[in-house]
Amino acid sequence: MTESAPLDWEEVARVHGRKIYNFAYRLTGNPNDAADLVQEVLLRVRKGLERYQPGSFEGWLWRITRNAFLDGVRKENRRPTSPLPDEVDRWDLAHSPGADVEYGRITLGDDIQKALLELPFEFREAVVMCDVVGLSYDEIAVAVAVPVGTVRSRIHRGRRLLREKLS
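Only a predicted model underlies this, so the values are computations on that prediction, with no experimental measurement involved.

> Tell me about the overall build of the chain, residues and numbers included.
What the chain contains, in helices and strands, is 8 helices and 0 strands. From first element to last, N terminus to C terminus, the chain shows the α and β order α-α-α-α-α-α-α-α. Counting all 167 residues of the chain, 44% fall into the buried class. Intrachain contacts of the chain at a sequence separation of at least 6 include 73% that bridge at least 24 residues. Element-wise, carbon and sulfur atoms account for 51% of the exposed surface of the chain, whose accessible area totals about 9100 Å².

Written out as structure tokens, the structure is:
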């Protein structure tokens, strides 16, 4: 899917902020870390928006999000494994779906989230991008810079590991 970049940084924050936060939250397992990651992503978007080359804007955005997360993990030399608190989403945007719709879409049971956080990063990332964020295999491939076949394999293996952990 080829699309043009949003006109400005504020539009990126308004249109994509909730998705970035949900992805960040599932990767980090912590609302404060997710909020920090969103800020870092939006700063990187602001710096890079003028250099954006037309193509898959969402793929570009997810690559920035992924790289910011990996940079943070490397910087702190840790992998997030702490369980999530009961609160699911603190990101507040004016143009988002109703709370009941969004909560139903993103809420995972504590057991599922715990199992998800135990997956190796490559599998967790692929499963979250596909099953939580709702990206297509092609969009995930662009975001993580791997072939579509690798995305399919990671999603399949990630889902299998998730089932095993939940059994």
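> Hey, could you go over the nonpolar core for me, with residue numbers and the actual values?
Ranked by size, the top nonpolar core spans 45 residues in total, and within it Val 41, Val 45, Trp 62, Met 129 and Ile 140 carry the most contacts. Looking at this core, the elements with two or more residues in it are α1 (9-28), α2 (31-48), α3 (57-76), α5 (110-118), α6 (121-133), α7 (137-144) and α8 (148-166). Sorting elements by how many residues they give to this core places α3 first, with 9 residues. Other than its neighbours up to four places away in sequence, Met 129 contacts Phe 23, Trp 62, Gly 134, Leu 135, Ile 140, Ala 143 and Val 144.

> Can you lay out the packing of aromatic side chains for me, pointing to particular residues and giving the numbers?
The tally for this structure, following the rule as stated, stands at 4 aromatic pairs. Between Phe 23 and Trp 62, the ring centres sit 5.5 Å apart and the planes meet at 85°, which makes this aromatic pair edge-to-face. In this pair, Phe 23 sits in helix α1 while Trp 62 sits in helix α3, placing the two residues 39 residues apart along the sequence. Of the two residues, Phe 23 and Trp 62, neither departs from the other in class, the shared state being buried. With 5.3 Å between their ring centres and 20° between their planes, Phe 69 and Phe 121 make a pair best called stacked. Of this pair, Phe 69 sits in helix α3 while Phe 121 is found in helix α6, placing the two residues 52 residues apart along the sequence. On the accessibility criterion, Phe 121 (5% relative accessible area) is buried.

> How would you sum up unusual backbone geometry? Please name residues and give values.
Backbone geometry places Ala 145, a non-glycine residue, at a positive phi of 60°. Tracing the backbone through its elements, the reader meets Ala 145 in the loop between α7 and α8.

Conventions adopted
- Starting from 1, residues in each chain are numbered consecutively following that chain's sequence as written.
- Only residues with pLDDT of at least 70 get local features here, since the model is predicted, and only at 80 or more are side-chain atom pairs given and counted; chain-wide, interface and lining totals rely on the full set of residues.
- Here the side-chain values reflect all heavy atoms present in the structure, with hydrogen atoms and water set aside.
- Runs of H or I in DSSP of at least four residues are treated as helices and runs of E of at least two as strands, each being numbered from the N terminus.
- Throughout this description, buried means an accessible area under 20% of the type-specific maximum (1.4 Å probe, protein chains only), exposed means over 50%, and partly exposed covers the range between.
- Only heavy atoms enter the contact rule, under which two residues are in contact if any of them lie within 4.5 Å.
- Computed with the Shrake-Rupley method and a 1.4 Å probe, the accessible areas treat only the protein chains shown as cover for residues.
- Only buried residues count toward a nonpolar core, which is a set of Ala, Val, Leu, Ile, Met, Phe, Trp, Tyr and Cys residues joined through side-chain atoms within 4.5 Å.
- Working definition: rings of Phe, Tyr and Trp (its six-membered ring) pair if their centres are within 6.5 Å, and the pair is stacked with planes under 30 degrees apart, edge-to-face with planes over 60 apart, and tilted otherwise.

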